[in-house]
Every structure is written in C-alpha cells, then in structure tokens.
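Residue strings, one per chain:
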Amino acid sequence: PEDTVTSSFASFIHGARPDHLSKTVRHRSKRMILDSLGVGLVGSTTHVFDIALRYCRELYSPVAVSSVYGKPGVKLSPTLAAFTNGVATHSMDFDDTWHPATHPSGAVLPALLAASQMLSPGTKPTGMDFLLAFNVGLEVQGRLMHFSTEAHDIPKRFHPPSVVGTMGSAAATAKLLSLSRAQCCHALGIAASLAGAPMANAATQAKPLHIGNATRLGFEAALLAARGMEANPFILDDIPGCSGFSAFYGVYHPKPLPVPGDHHEFLLEKQDIAFKRFPAHLGMHWVVDAALSVRNLFVHYAGSFSPALIRTIVLKIPVSKYINRPFPSSEHQARHSFQFNACAALLDGEVGLSSFTESSIHRQELRELLDKVVVEHPEDNVANFDKMYGEVALLLHSGDVLTGKCDTFYGHWRKPLSKESLLKKFRSNASHVLPEEKIETIITTVDNLENLSDSSQL
C-alpha cells in the first residue's frame, strides 16, 4: 500500500536528492562527521577494539574450515557456516519446536558443528562433549522461556529463537570451547545485545535468517567472550530500572539455574520435542490432522472427495494473526496459513514438500476451496501449543455437517514420532542431497555419538 508509514519512509529514501540539503544542514552534518572520525580514530587505541579486530582477522580470514549442509567440498569460515546452516534449517519451517514456543535445535546445532571443525587437532571435542554442549544450549533456552508466562503462548512481538536461540547458541558454544565461568557469563551478556527479530517477518524469506543469526551471533558472542570481551554480569537478573534480558518480556521472573549435581534433571527430560511431519508452521499440524480426519468421513459419506458438495468449510482455530492467512500467494505465506493447509489436506489427502510449490499453491481447485473457508475463534481454543486444537467442519449443500477435530497431532510432544517415522523423515529429507551410504553413516554416527572420539567427524 502507498499510504503506510513504511512506504513513506521508503519513498523518502528513494526520493531524497543532494539539493534537498540546506546550507545549515550541510554545515552541521560535516561537524558531526569530523567529530565521529576523531572519536573512531582514538577509539582504535582501546582494548575492546583490539578484541574485535583480532576476532575479525581470525574468523573472517580466507581460511575456510567448516562445512555447509548439502554442499560437498564447500567450506566457510566457522561463523558464516553456522549462519548458512542455520538458514537452511529453518528455510522450510520444518525444524523441531519446543514448549514454550521456540525452535531449539536449529539455533544451536550449526554453531557446534562449525566450532568442532574450527578447533585444531588435539583439541577436538568428543561426541560426548558435543552432546553435553548441545543440551546446555537447550537447557538455557528452556529456562529463559520459563521465566515469563508470555513465552508460553504463540508469539506476537518477536520470534523466540531469535532471542532465546541466540542465548542458547552462546551457552552451547561456550561449553564446547571450555570457557571459564566468567567468560560464560560475558558470552550470555554479549549474546543479549545481539538478539531479537520481529514477528512481522514471519511468512517471508527473512524468517529463516532468524535461526541463521541466532546460531551465528550466539557463536560470535562466545568467541568474543573467549577473547576477553566483557558484558553486564547481571544480564539475566531482574534489576529495577535496568533492563537486561527482561527487555524482551513484559512479565519476567528469573530464577537461578542450579549447578548440575548427581540428580540434576534437564528440561528435556520433562518436556519432549515436537517433530514436524511436513514443512509448515507447527500450528498447521493441528488443522491438517483435523482436515484429514473429516476428509475420511467425507469419502465414506460420498464415495469420493467431491468439493462441489461442500457449501462452507469452517475452521475453528486460535487467534494468531500471522498464521491466519486466507489467500497466501507465496510458499512462505502458505506455510503460515491455517486456511491453505486445511484445504490442501482436504484436496490431496496429504500435505508434503510438493504442497508448497508455486503450481500447487495457485491451483484453481485449491483457490475454490479457499473461497469456502470461514474462520471461527472459540474462547476455549487458546493460542498455546500445549493447549490449542484444530477443528474442521464441512457444511454440505445437503444440510449435513461433517466434523474432524485434533487436539494432539502425531509428532506433538504428547504423541511423539516413532523411531521408524523419524528415520523415514530423515532419510527422505537427506536423500535430496546425499547418497544412501552417507545417509546411513550419519544415522549410525548420531546413534553412537557418545562414543565418537572426534565430534568434527559428524
């Protein structure tokens, strides 16, 4: 639209010309430039500048040591490899989801893989070291989310992995690099200053950057802390008048994280992970299972699926603006559309990778189904991945009504994927870029990770 604040900013940026600058503006701005140059020059004599310069020379050198997903022979500098692999992880919204809501693995795993390859021979972490660091990264994310009741609901303001994921990546990398207690503290403080991404970029190509940046910037925070950079040592505390991590949450009640003892129980022990069966926002899995259920009823009722018999499709879903998209026009919008996923499931009897291709999204028969959709928001259907449900009702021209409902989809932490289903998903995904023997090697390596002497082999 032409009349938005954002478009007005864009118009200004595009239309500004040199002759728009008055003599006074030019004079004052040149004073500012001169002052800033001087401040920057003297700043180049400081310790913190030395840390940043040394870091950039080491990490952004031509020496590329870390692997890139799906690209045999391609290597990047460690943090850029972490970034690229993080983007890949979330590029289809196919990655795991926890409760409170975040995508925990994608924010941590790429950093650890890159860091393992970065370390010199003789200092490589073992598979057990890797596994411990990964779980440290998960634990930090989970604990931080539990500090706020706001985190339990489907997010509205910022994308959680861009915040807690950055902290988790910093914690995991700090653990893998064996940072001191003080350095671990500073890594978290530095990470907090690198965290955050708005929900407005959900359902766009920018959303995968949230995971890429989380894993990369957390990695960078740990590396900067390792090189001596310091940050606020009370970053996670709730200090009146001084926002630390509480800046991200309106309600924030932090609690100490006990030092693991003989009987420490990680959050992952108490709270399983949701694994997605198809590449779309987690909320879509409820409506797809509900749609498949009512489709089976319809086929039994009519003998086959015949859209012409349907007058109205009623979706009963929680209120969540960014995943309520009546007519998505791109693959990323489709992955974030209750309406699209319900109709795709009704029409095809399944939702998979091919459901989000350009040709599939713009099918005439799918658009005709979307035209029949009406959305309702029952009060008892809350925007919370632990409490929500999906319901799809078909109101037929005959007057009959068929209904399907799902309160726990297959893959949810209350109904985990079987080992067979998870392996089937992995093999299917990996087969797009790797030969069968490498796929099986990865499965075996992960299965025996505790016994791996060098985690960089992964």
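About the criteria used
Residues numbered from 1 in each chain as written. Predicted model: local features only at pLDDT ≥ 70, side-chain atom pairs only at ≥ 80, totals over all residues. Heavy atoms only, no water. Salt bridge = Lys/Arg side-chain N within 4 Å of Asp/Glu carboxyl O. Helix = DSSP H or I, 4+ residues; strand = E, 2+ residues; numbered from the N terminus. Buried < 20%, exposed > 50% of the residue type's maximum accessible area, 1.4 Å probe, protein only. Axes fitted to C-alpha atoms, helices over the stretch in contact; angles between N-to-C directions. Parallel < 35°, antiparallel > 145°, perpendicular 65-115°, else oblique. Left-handed = near helix turned anticlockwise from the far one by under 90°. Contact = heavy atoms within 4.5 Å. Nonpolar A, V, L, I, M, F, W, Y, C, P; charged D, E, K, R; others polar. 1 Å grid on protein atoms, 1.4 Å probe; cavity = no way out; pocket = protein on both sides within 12 Å on 5 of 7 lines; lining within 4 Å. Points joined across faces, edges and corners; volume = space filled by probe spheres on them. Phe/Tyr/Trp six-rings, centres within 6.5 Å; stacked < 30°, edge-to-face > 60°. Lys NZ or Arg CZ within 6 Å of the ring centre and 35° of its normal. Pairing = 2+ DSSP bridges. Expected span 1.5 Å × (residues − 1). Arc of directions from axis to C-beta.

### Describing the pattern of salt bridges
- Per the stated rule, a full pass over the model turns up 13 salt bridges.
- One salt bridge in this structure joins Lys207 and Asp93, with 2.7 Å as the shortest N-O distance. Of this pair, Lys207 sits in helix H9 (residues 207-226) while Asp93 sits in the loop between helix H4 (78-90) and helix H5 (109-118), and the two are 114 residues apart along the sequence.
- Using a relative accessible area of 3% as the deciding quantity, one classes Lys207 as buried.
- On the basis of relative accessible area, Asp93 is assigned to the buried category, the value being 3%.
- Residue Asp348 is joined to Arg363 by a salt bridge in which the shortest nitrogen-to-oxygen separation is 2.9 Å. Of the two residues, Asp348 sits in helix H13 (residues 338-348) while Arg363 sits in the loop between helix H14 (358-361) and helix H15 (364-370), which places them 15 residues apart along the sequence.
- In this structure Arg363 comes out as buried when scored by relative accessible area, which is 18%.
- Here the salt bridges share partners, and the residues they tie into one network are Asp93, Lys207 and Lys276.

### Regarding the packing of helix H7 (residues 160-176) against helix H8 (residues 181-192)
- At a minimum axis separation of 9 Å, H7 and H8 run at an interaxial angle of 155°. Here H8 runs roughly antiparallel to H7, going by the angle between their axes. Where H7 crosses over H8, the handedness of that crossing is right-handed. Only Cys184, Ala187, Leu188, Ala191 and Ala192 of H8 make contact with H7, whose side of the interface consists of Thr166, Met167, Ala170, Ala171 and Ala174.
- Looking at the contact of H7 with H8 residue by residue, the classes come out as nine nonpolar, one polar and no charged.

### Focus: the layout of surface pockets
- For the second largest pocket, the calculated volume is near 1200 Å³.
- Taken together, 33 residues make up the lining of the second largest pocket; nearest its centre are Val140, Cys184, Leu188, Leu236 and Leu257.
- Elements represented by at least two residues in the lining of the second largest pocket include exactly helix H6 (127-146), H7 and H8.
- Looking at the lining of the second largest pocket residue by residue, the classes come out as 25 nonpolar, two polar and six charged.

### Topic: the packing of aromatic side chains
- Considering all chains together, one arrives at eleven aromatic pairs under this definition.
- Judged by centre distance (5.8 Å) and plane angle (85°), the rings of Phe147 and Tyr252 are edge-to-face. With Phe147 in the loop between H6 and H7 and Tyr252 in the loop between H9 and helix H10 (267-270), this pair connects stretches of sequence that are 105 residues apart.
- For Tyr252, a relative accessible area of 5% puts it in the buried group.
- Taken together through their ring pairs, the aromatic side chains of Phe147, Phe158, Phe245, Phe248, Tyr249 and Tyr252 make up a single cluster.
- In this structure, Arg216 is placed above the aromatic ring of Phe83, and the distance from its NZ or CZ to the ring centre is 5.8 Å.
- In this structure, Lys425 is placed above the aromatic ring of Phe94, and the distance from its NZ or CZ to the ring centre is 4.3 Å.

### Topic: the sheet that holds strand S5 (residues 390-396)
- Strands sit in the order S4-S3-S5-S6 across an open sheet of four strands; the sheet is mixed. Of all strands in the sheet, those bounded by a partner on one side alone are strand S4 (373-376) and strand S6 (401-406). On average, each strand axis in the sheet is inclined to that of its neighbour by 20°, with strand direction left out of account.
- As paired strands, strand S3 (residues 310-316) and S4 are joined by four bridges and run parallel to one another. Along S4, the bridge assignment pairs Val314 with Val374.

### Here's the deal with H4
- For H4, which comprises 13 residues, the first-to-last C-alpha distance of 19 Å matches the rise-based estimate of 18 Å (1.5 Å per residue) to within 8%.
- Pro78, Thr79, Ala81, Ala82, Asn85, Gly86 and His90 are the residues of H4 that are buried. Projected down its long axis, H4 carries its buried residues within an arc of 155°, all on one side.

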